[in-house]
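Below are the chains, spelled out letter by letter.
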Amino acid sequence: MKKVLMGNFAASHGVRLSRAQVISAYPITPQTHVVEELSAMVARGELNAKFIKVESEHSALACCIAASVMGARAFTATSSHGLLLMHELLHWASGGRLPIVMVAVNRAIAPGWNIWNEQTDTLSQRDTGWIQLYCASNQEILDTVIQAFRLAETVKIPVMVIYDAFILSHTYEPVDIPDQKTVDAFLPPLKNPEVLKVGEARAFGSVTSPDFHMEFRMKLHDTYERVPEEFEKIEQAYAATVGRTYGAIEPYRCEDAELVMVVAGSLAGPTKMVVDGLRQKGIKAGRIKLKMFRPFPTKPLQEALKNAKKILVLDRNLSPGTGGIFAHELRSALKGDARPVWGFVAGIGGRDITPELIESMFFDAIGADAPVSTTIFKGVRL
Amino acid sequence: MLEIRFHGRGGQGAVVASKMLAVAFFKEGKGVQSFPTYGAERRGAPVAAFIRVDDGPVLYHHNIYTPTHVVVLDPSLMKRVDVTQGLPKGGFILINTKLHPSDFPSLKGFDVHVVDASEIAIKHGLGSKENPIVNTAVLGAFAKASGLVGLKAVLEAVKEESPIKIKKNLAAAEEAYNKVE
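Computed from a prediction, not measured in an experiment: that's the story for all the values here. (Residues numbered from 1 in each chain as written. Chains lettered and ligands numbered in written order. Predicted model: local features only at pLDDT ≥ 70, side-chain atom pairs only at ≥ 80, totals over all residues.)

**Considering the overall build of chain B**
- Across its full length, chain B holds 6 helices and 6 strands.
- Beginning at the N terminus, the succession of helices and strands in chain B can be written as β-α-β-β-β-α-β-β-α-α-α-α.
- Relative to the compact-globule value of 16 Å for 181 residues, chain B shows a C-alpha radius of gyration of 15 Å, a close match.
- Oriented by its inertia axes, the alpha-carbon framework of chain B measures out at about 40 × 35 × 35 Å.
- Relative to its full complement of 181 residues, chain B shows a buried share of 54%.
- Contacts spanning at least 24 positions in sequence make up 57% of the contacts within chain B whose residues lie at least 6 apart. (Helix = DSSP H or I, 4+ residues; strand = E, 2+ residues; numbered from the N terminus. Rg over C-alpha atoms; globule rule 2.2 N^0.38 Å. Buried ≥ 20, exposed ≤ 12 C-beta atoms within 10 Å, placed from the backbone. Contact = placed C-beta atoms within 7 Å.)

**Focus: the interface of chain A and chain B**
- Contacts between chain A and chain B engage 19 residues on the former and 15 residues on the latter.
- Where the side of chain A that touches chain B is concerned, the elements lending two or more residues are β8 (172-176) and α10 (268-280) of chain A.
- It is α10 of chain A that provides the largest number of residues to the side of chain A that touches chain B, a total of 4 residues.

**Some points on the sheet that holds strand β12 (residues 292-294) of chain A**
All names here are of chain A.
- Pairing is mixed in the open sheet, where 7 strands are placed in the order β3-β2-β4-β5-β7-β6-β12. The open sheet is flanked by β3 (50-53) and β12, the only strands paired with a single partner. For this sheet, the mean inter-axis angle between neighbouring strands, taken without regard to orientation, is 20°.
- Most of the contacts of helix α3 (residues 57-69) go to strand β4 (residues 74-79), to which it runs at about 165°, and overall it touches β2 (22-25), β3 and β4. (Pairing = 2+ DSSP bridges. Axes fitted to C-alpha atoms, helices over the stretch in contact; angles between N-to-C directions.)

**Things to note about the sheet that holds strand β9 (residues 249-252) of chain A**
Residues and elements named next belong to chain A.
- Taken in spatial order, the 6 strands line up as β9-β11-β10-β13-β14-β15 in an open sheet, and their pairing is mixed. On the outer flanks of this sheet lie β9 and β15 (376-377), each paired with one strand and no other.
- With 4 bridges connecting them, strand β10 (residues 259-264) and strand β13 (residues 310-315) associate as parallel partners. If you follow L259 over to β13, its bridge partner there is K310.
- Its contacts with the sheet place helix α12 (residues 325-333) against β10, β11 (285-290), β13 and β14 (341-345), and it is angled at close to 145° to β13.

**What about the domain arrangement of chain A?**
All names here are of chain A.
- Per the domain assignment, the segments making up chain A are domain 1 (2-189 + 206-241) and domain 2 (251-377).
- Listed as interface residues are 25 residues of domain 1 and, on the opposing side, 21 residues of domain 2.
- When contributions to the side of domain 1 that touches domain 2 are tallied by element, the ones reaching two or more residues are α6 (120-123), β6 (131-134), β7 (159-164) and α9 (213-241).
- Taken together, the residues that form the side of domain 1 that touches domain 2 break down as 16 nonpolar, 6 polar and 3 charged. (Domains from an automatic or database assignment. Nonpolar A, V, L, I, M, F, W, Y, C, P; charged D, E, K, R; others polar.)

**Notes on the packing of helix α4 (residues 135-146) of chain B against helix α5 (residues 151-161) of chain B**
Residue and element names in this part refer to chain B.
- Running from amino to carboxyl end, α4 crosses α5 at an angle of 160°, the nearest separation of the two axes being 9 Å. Put simply, α4 runs roughly antiparallel to α5. Helix-helix and strand crossings are classified by hand; for α4 and α5 the assignment is right-handed. Two secondary-structure elements touch here, α4 through T136, L139, G140 and A143 and α5 through L151, V154 and V158. (Parallel < 35°, antiparallel > 145°, perpendicular 65-115°, else oblique. Left-handed = near helix turned anticlockwise from the far one by under 90°.)

Okay, structure coming up:
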């Protein structure tokens, strides 16, 4: 059934169709409609889940961890400062190998107070051990939430489903909502044998001495090696049942492109339009949409970029002193590569990124052999 | 591509109107996108909401600076907000007002349409006399005045998207459609 849905409600439907059993959230700003709608779904009897309202995001994730340890399919949603408050528990969830799924809506971080779009909140959780998947449309949000549960439960690593505040979260777009039977065929009930059971002595989160701790971390790292392959299998299974696929990356007109721009999130749509416009002017432009950030899809990116002469990255985030985080990661993935990489930073704190601004980045790269600096801010008023 | 901007006051239903109109276009097979002004909305403060309509999926995600169409839900905004900002000469503007298009000399050169949506809303018991909820009446008027979307699709959208008083909202939309030239 196709409906015109805002991104937050697309996420809520994804969670409903995934039959999440425990949902815990803190309902105050920077929270979004995701959990508001889920609590209504639970109240209306459309979703058989326990909704636990708590007093902070830290507690919300703690609730999900407890539920997941007991074998329940657990979900939470948050944003910016809420996500930062969860930071400690993010490590607990991944270290505990708990298949929790979270929606994180990208919002800027204070000061000054700013609820608008920026991706620094999720990117600064890079090293917490969570898989990160960025979405470019409301349809992709719904589909990715459902896929995320299966991925998390397959590799026993929690998954963050991420999308841009307002640009997707509060924007209405047509979304196809699959029926429950179709989703059930793709996502079986969670059977997690590694749970605490009454009457069976086990421990979670107890002391691990130097004799053991390192192996836990190494195993988590090793499992990450399998994630791209498992994600691909899950995408194929989703395509077979529900009928849509996205890929860890989505290259567009890259085969013969001399300039390729790499973006994540809702910039995928506008950059596609800009590439089409540049092609009409005879400029060989392409773009890559990055969906998976953790693990970083190094090999597919290298492959998609193999013919590019100049590489551009458009970051809606900032690591002060380093620059755009996606650009930093891409440079690391292309180490030893002599091709110039333009690292553009724009859209910080919800500043609008227009097609003209994106186009100007391509022209910057066309007009020079190398970038003037490692990080180039665009759309700045000085 | 159509780019439509709604001007209203917080709590008047501009955001709901933009969504309903997007649904109506969607029902006619169009690609649509609807979004509010991104900010902290307060009751009574001027707000804007936007929709894009295209033959295929809408992939753009930037703000709308040069709308093709403007809809004004609250007549008092005409004095406070530059409702024609970015609207090209000859551009469509629909105003909820008791006045006549010729009563707006500053809008000379634009394609001005009027509807007394407040009166229609009050008549059908939508909102209060002081604070009528005019969005569904305005949508009926928009369908007729613009000719871009059919009454049937608008009524279907109103039926699906009205949180309460569905019959009254349907009646208001239809009456406005019939009253506008």
